[in-house]
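Close look at the chain arrangement
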Amino acid sequence: MTDPSPAHAAAQDLGVQALHAGYGEIKVLQGIDLVARKASITAVVGANGAGKTTLMQVLAGLITPSSGTISLSGTAIQAQPTHRRVAQGVVLVPEGRKIFPDLSVRENLLLGAVTARARPHRDETMEQVCTMFPRLAERIGQLGGTLSGGEQQMLALGRGLMAQPSVLLLDEPTLGLAPGIARQIFRIVPRLRDMGITILIAEQDLHRTLRIADYAYVLENGLVAAEGTGEALEQDPAVRRAYLGRD
Ligand SMILES: Nc1ncnc2c1ncn2[C@@H]1O[C@H](COP(=O)(O)OP(=O)(O)OP(=O)(O)O)[C@@H](O)[C@H]1O
Ligand SMILES: [Mg+2]
């Protein structure tokens, strides 16, 4: 692989303080505090409905929090619209991929690189993405909608990388994928971290996620039920409870 480090994407950290958010009357996040440290993998794990996607969408600027702060390397960004966050390198790879089915793989990837931050590096990043995901390179002219689920997830990840992320928000990147493809994704995430990207990953696959995470938060009903290193959390009864809904 050519030098994968996006030198222009200086590592940043992302912090959340006392974050509340929901949908109208429905309160989902009820006071979240967390930190995704520079160039590390931070996991947010929790059962269905715990609030992982809501958190990711708030961080990406797609949902406005009712209160609380979000800081990017010390600067409050909670009032900024999505495009300004993307311009600073905060990039979401959404749950369910959300690729454009009627556009080719190449066109989908190029759409990731429309910002002033990413555009000048477009060709070079495209090469890096194609090296990282040879399957995408082989299918570069194929329509996004005709890719398999796993290939679509690679495309969604590739599109995120095209944006030159400094903070990459990955919402359940292995959801619904065959074990082999999920393993590939779990192998790639640490490589992205090693390139200097700050990763915040929401996952239900507890054990595999804790194994790659430098630090993890367990979300339960919109609150942090436990936090710690992956190793410590594997032993924590709160984790079991958060998943099974009982002790
Ligand atoms: N658009 C919406 N309107 C109303 N309630 C919503 C909406 N989206 C999510 N919710 C509710 O918010 C809560 C948290 O949902 P969220 O999608 O954040 O959970 P999650 O942890 O991502 O779950 P999963 O693992 O299933 O993806 C759930 O109770 C859900 O029903
Ligand atoms: Mg979700």
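Relevant structure appears above.
The rules behind each value
Residues numbered from 1 in each chain as written. Chains lettered and ligands numbered in written order. Predicted model: local features only at pLDDT ≥ 70, side-chain atom pairs only at ≥ 80, totals over all residues. Heavy atoms only, no water. Near = heavy atom within 4 Å. Polar contact = N/O pair within 3.5 Å; in protein donor to acceptor, adjacent residues only side chain to side chain. Areas by Shrake-Rupley, 256 points an atom, 1.4 Å probe, with all protein chains shown as cover. Helix = DSSP H or I, 4+ residues; strand = E, 2+ residues; numbered from the N terminus. Nonpolar A, V, L, I, M, F, W, Y, C, P; charged D, E, K, R; others polar. Donors = N, O, S within 2.8 Å, 3.2 Å for Na, K, Ca; no water. Buried < 20%, exposed > 50% of the residue type's maximum accessible area, 1.4 Å probe, protein only. Pairing = 2+ DSSP bridges. Axes fitted to C-alpha atoms, helices over the stretch in contact; angles between N-to-C directions. Contact = heavy atoms within 4.5 Å. Parallel < 35°, antiparallel > 145°, perpendicular 65-115°, else oblique. Left-handed = near helix turned anticlockwise from the far one by under 90°.

Around ligand 1 sit 14 residues in total, of which Asn48, Lys52, Thr53, Thr54 and Glu95 are the nearest. The contact in question runs from an oxygen atom of ligand 1 to an N or O atom on the backbone of Ala50, over 3.2 Å. Within the contact set of ligand 1, an oxygen atom lies 2.6 Å away from a side-chain nitrogen or oxygen of Thr54. Expressed as a share of its isolated accessible area of 630 Å², the protein-covered part of ligand 1 is 62%. Within the residue set of the shell around ligand 1, elements represented by two or more residues are strand E2 (26-36) and helix H1 (52-60). For the shell around ligand 1, the element with the highest residue contribution is H1, accounting for three residues. Here the shell around ligand 1 is built from residues that sort into five nonpolar, six polar and three charged.

Right, let's talk about the coordination of the magnesium ion (ligand 2) for a bit. Within the protein, Thr53 (OG1) and Glu95 (OE) serve as the donor atoms for the magnesium ion (ligand 2), at 1.9 to 2.2 Å. Of this pair, Thr53 sits in helix H1 while Glu95 sits in the loop between strand E6 (90-93) and helix H3 (105-111), placing them 42 residues apart in sequence. On the accessibility criterion, Thr53 (22% relative accessible area) is partly exposed. A residue is classified by how much of its surface remains accessible, and Glu95, at 28% relative accessible area, is partly exposed.

Now for unusual backbone geometry. Phi at Ser73 takes a positive value of approximately 45°, unusual for a residue other than glycine. Among the secondary structure elements, Ser73 is positioned in the loop between strand E4 (67-72) and strand E5 (75-76). Positive phi, close to 55°, is recorded for Lys98, a residue that is not glycine. In this fold, Lys98 is placed in the loop between E6 and H3.

Across the sheet, which stays open at both edges, the six strands sit in the order E6-E7-E8-E3-E9-E10 with mixed pairing between neighbours. Two strands in the sheet have a free side with no partner beyond their single neighbour: E6 and strand E10 (223-228). The sheet shows a mean angle of 20° between the axes of neighbouring strands, taken without regard to direction. For strand E3 (residues 41-45) and strand E8 (residues 198-203), the ladder comprises five bridges, and the chain directions are parallel. Note on E8: the bridge partner recorded for Val45 is Glu203. This element, helix H6 (residues 149-162), spans E6 and strand E7 (167-171) of the sheet and lies at about 170° to E6.

This part takes up the packing of helix H4 (residues 122-132) against H6. For the pair H4 and H6, interaxial distance at closest approach is 9 Å and the crossing angle is 150°. Taken together, the axis directions place H4 and H6 in an arrangement best described as roughly antiparallel. Crossing of H4 over H6 shows right-handed handedness. Mapping the contact onto sequence places Arg122, Thr125, Met126, Val129 and Met132 in H4 and Gly158, Leu161 and Met162 in H6.

Our focus in this paragraph is the environment of Leu161. Tracing the backbone through its elements, the reader meets Leu161 in helix H6. Its relative accessible area of 7% is what places Leu161 among the buried residues. The spacing of Leu161 and Leu192 is 31 residues in sequence and 9.1 Å in space, taken between C-alpha atoms. Excluding residues that lie within four positions of it along the chain, Leu161 makes contacts with Thr125, Val129, Met132, Phe133, Leu168, Leu192 and Ile197.

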